[in-house]
Amino acid sequence: QVQLVESGGGLVQAGGSLRLSCAASGSIFSINAMGWYRQAPGKQRELVAAITSGGSTDYADSVKGRFTISRDNAKNTVYLQMNSLKPEDTAVYYCNADVRVTLVYALDAWGQGTLVTVSS
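Residues numbered from 1 in each chain as written. Predicted model: local features only at pLDDT ≥ 70, side-chain atom pairs only at ≥ 80, totals over all residues. Heavy atoms only, no water.

> Account for the pattern of salt bridges, with residues named and values stated.
Where charged atoms of side chains with opposite charge meet at close range, the side chains can pair. Within this structure, the stated rule accounts for four salt bridges. Ionic pairing is found between Glu46 and Arg38, a salt bridge with its closest N-O pair at 2.7 Å. By relative accessible area, Glu46 is classed as partly exposed at 35%. Classification of Arg38 as buried rests on a relative accessible area of 6%. (Salt bridge = Lys/Arg side-chain N within 4 Å of Asp/Glu carboxyl O. Buried < 20%, exposed > 50% of the residue type's maximum accessible area, 1.4 Å probe, protein only.)

See below:
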């Protein structure tokens with residue numbers, strides 16, 4: 001089994017910053033891509049940012065220049081630094097990881113979600 005535990009969500013005023021963390025634990029051989037998704041009320045879950053094991057990154061257009069994703073492979077942890085937050089960033093943020101449990105078996109792991117609320 002693999003567990004992803006997120007932390008760092010909360011309430012912040014518009015223009016403020018938050019840093020999300022997500023630590024993976026359990027039966028992990030290696031982790032490929034890791035990412036952050038978000039789901040606002042009444043909307044579909046969307047990709048916010050992703051990072052490969054080699055450090056290549058990808059961002060949703062709506063967060064480019066404001067959010068930065070990074071990871072610590074030694075700690076199996078991914079971070080999301082969120083700056084210049086806007087009310088439209090309010091959502092539940094989910095961590096995702098493509099985890100290789102063995103050489104031949106991989107699974108798509110999800111965290112439980114952490115709420116980010118940005119007040120105007």
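> Can you explain unusual backbone geometry? Please cite residues and give values.
At Asn76, a residue that is not glycine, the phi angle is positive and equals roughly 50°. Secondary-structure assignment places Asn76 in the loop between β7 (67–72) and β8 (77–82). The backbone of Ser84 shows a phi angle near 50°, a positive value even though the residue is not glycine. Residue placement: Ser84 occurs in the loop between β8 and β9 (91–100). (Helix = DSSP H or I, 4+ residues; strand = E, 2+ residues; numbered from the N terminus.)

> Residue-level account of the pairing of strand β4 (residues 30–39), with values.
Sheet analysis places β4 next to β9, joined by eight bridges and oriented antiparallel. Across the sheet, Tyr37 pairs through a bridge with Tyr94, a residue of β9. When β4 meets strand β5 (residues 46–51), the two strands line up antiparallel, connected through five bridges. Paired with Tyr37 across the bridge in β5 is Leu47. Two successive antiparallel strands, β4 and β5, enclose a turn made up of six residues, where Gly42 displays a positive phi of approximately 80°. (Pairing = 2+ DSSP bridges.)

All we've got here are geometric facts, nothing functional implied.
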